[in-house]
Amino acid sequence: MGSFLVIGMGRFGRSVATELFQMRHDVLAVDEREENISGIVDQVTDVIIGDAKDEAVLRSLEVQNFDCVVVAMAGVVEDSVLTTIMLKEMGAKQIVCKSQNEWHAKILSQLGADRVVRPEWDMGKRVAHSLAKKNIVDYLEISPEYGVIEMITPAHWADKSIVDSSLRRKYGITVIAIRDAKTAKVKFSPQAETVLGRDDILTIIGAKKDLDRIGELK
């Protein structure tokens, strides 16, 4: 069980905080507005009403004792920049920041954020992939070159084993999980002899160019 400090209870921060708590982690939620905090009192471990841009407030949280600090502030870009600088100086073990745009993301990375996420951008890309390629259920970018997709088994892979479909040799991709269409059970790290059922959901990792190519398959 990990310990997390989540700063900023907008939609993104609230979602992160409550989901971590449901996963049985300790979560301290912080926001300067009481109305943002009052609705999640029972959905996290503890809450504090305070302005994290205030150095005294931030120091009182003892940020160095948390496994991870999530900076999820909405609004003014400078707020998250200032908070990230202070967190770094105070010895936060891991800092994850929400950014509003590419420029903001670069600044936060240069300041020492261990990870920067862009929720709207990432969700936009995922929706675009699922709209453009009908057999793709979900898409996740893990680097500029690689990604992970969930896709419905193409018809000419159905009822064939992974090895018989030549997925790695022909397409350069790897199936890392299969969700059975009938039982909804998930099989992780399937063997080469595993048969792909019709309408099964395949989780596949590979280079973007290869994922784009198989996304066109019917």
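Keep in mind it's a predicted model, so treat the numbers as computed, not measured.

*Asks:* I tried to follow the overall build of the protein on my own but got confused; where do I start?
*Replies:* When you go through the protein residue by residue, the secondary structure sums to 8 helices and 13 strands. Total accessible area on the protein stands at roughly 12300 Å², and carbon and sulfur atoms take up 52% of it. Computing the positive centroid from 29 side-chain charges and the negative centroid from 33, the protein places the two 10 Å apart.

*Asks:* Could you clarify how one ought to interpret the sheet that holds strand E6 (residues 115-117) in this entry?
*Replies:* By definition, the strands of a sheet pair up through backbone hydrogen bonds, in either a parallel or an antiparallel sense. The 6 strands lie next to each other as E3-E2-E1-E4-E5-E6, forming an open sheet whose pairing is parallel. In this open sheet, the two edge strands, each paired with only one partner strand, are strand E3 (46-49) and E6. Averaged over all neighbouring strand pairs, the angle between strand axes comes to 15 degrees, with direction disregarded. Taken together, the 4 bridges between strand E2 (residues 26-31) and E3 define a ladder with parallel strand orientation. Within the sheet, the bridge partner assigned to Ala-29 lies in E3 and is Val-47. Contacting strand E1 (3-7), E2, strand E4 (68-71), strand E5 (95-98) and E6, helix H1 (residues 11-22) runs over the sheet at an angle of about 165 degrees to E1. Sheet strands in contact with helix H4 (residues 77-89) are E1, E4 and E5, and its direction is about 165 degrees off that of E4.

*Asks:* It is not clear to me how the layout of surface pockets should be interpreted in this structure. Could you clarify?
*Replies:* Remark: the empty space left among the atoms is shown by a probe the size of a water molecule rolled over them. The volume enclosed by the second largest pocket comes to roughly 280 Å³. Taken together, 17 residues make up the lining of the second largest pocket; nearest its centre are Asp-31, Glu-32, Asn-36, Met-73 and Ala-74.

*Asks:* How should the sheet that holds strand E10 (residues 174-179) be read in this particular structure?
*Replies:* If you walk across this open sheet you meet the 5 strands as E7-E8-E13-E10-E11, and the pairing is antiparallel. Here the strands that pair on one side only, and so sit at the sheet edges, are strand E7 (136-141) and strand E11 (186-188). Strand-to-strand, the axes of this sheet are offset by a mean angle of 20 degrees, without reference to chain direction. Here 3 bridges tie E10 to E11, and the two strands are oriented antiparallel to one another.

*Asks:* How should I be thinking about the side chain of Lys-98 in this particular structure?
*Replies:* If you trace the backbone, Lys-98 turns up in strand E5. The class of Lys-98 is buried, set by a relative accessible area of 12%. Filtering out sequence-adjacent residues up to four positions away, Lys-98 remains in contact with Phe-12, Val-71, Ala-72, Met-73, His-104, Leu-108, Val-117, Pro-119 and Glu-120.

*Asks:* Could you clarify how one ought to interpret the packing of H4 against helix H5 (residues 102-110) in this entry?
*Replies:* For any two helices packed against each other, one specifies the inter-axial angle together with the distance between the axes. Where H4 contacts H5, the axes come no closer than 10 Å and their chain directions differ by 15 degrees. Here H5 runs roughly parallel to H4, going by the angle between their axes. The crossing of H4 and H5 is right-handed. Only Trp-103, His-104, Ile-107 and Leu-108 of H5 make contact with H4, whose side of the interface consists of Val-77, Ser-80, Val-81 and Thr-84. Residues that form the contact of H4 with H5 fall into these classes: 5 nonpolar, 3 polar and no charged.

Calculation notes
Along each chain, residues carry numbers from 1 onward, in the same order as the chain's sequence is written. Residues qualify for local features only when their pLDDT is at least 70, as the model is predicted, and side-chain atom pairs are given and counted only at 80 or more; totals for whole chains, interfaces and linings, by contrast, use all residues. Excluding hydrogens and water, the side-chain values take into account all heavy atoms of the structure. Put simply, DSSP H or I for four residues or longer makes a helix, DSSP E for two residues or longer makes a strand, and each gets a number counted from the N terminus. Accessibility throughout is a Shrake-Rupley quantity obtained with a 1.4 Å probe, and a residue counts as covered only by protein chains that appear here. All tallies of charge rest on Lys and Arg as positive and Asp and Glu as negative; His and the ends of each chain are not included. By convention, the charge on Lys lies at NZ, on Arg at CZ, on Asp at CG and on Glu at CD. Following DSSP output, two strands are said to pair if at least two bridges run between them. Note on geometry: axes are lines fitted to C-alpha atoms, helical ones only across the stretch in contact, with angles between N-to-C directions running from 0 to 180 degrees. Any pair of residues with heavy atoms lying within 4.5 Å of one another is described as a contacting pair. A cavity, in this analysis, means grid points on a 1 Å lattice covering only the protein atoms where a 1.4 Å probe fits yet has no way out; a pocket is instead an open set bounded by protein on both sides within 12 Å along at least five of seven lines, and a residue lines either one if it has an atom within 4 Å of a point. Grid points are joined across faces, edges and corners, and a volume is the space filled by probe spheres set on the points. Whether a residue is buried, partly exposed or exposed follows from its accessible area with a 1.4 Å probe, protein chains only, as a fraction of its type maximum: under 20%, in between, or over 50%, in that order. Every angle not falling under 35 degrees, over 145, or within 65 to 115 is termed oblique; those three ranges are roughly parallel, roughly antiparallel and roughly perpendicular. It is the rotation of the near helix from the far one that decides the hand of a crossing: anticlockwise by less than a right angle makes it left-handed, clockwise makes it right-handed. As a working rule, the residues Ala, Val, Leu, Ile, Met, Phe, Trp, Tyr, Cys and Pro are called nonpolar, Asp, Glu, Lys and Arg charged, and the rest polar, with Gly in that last group.

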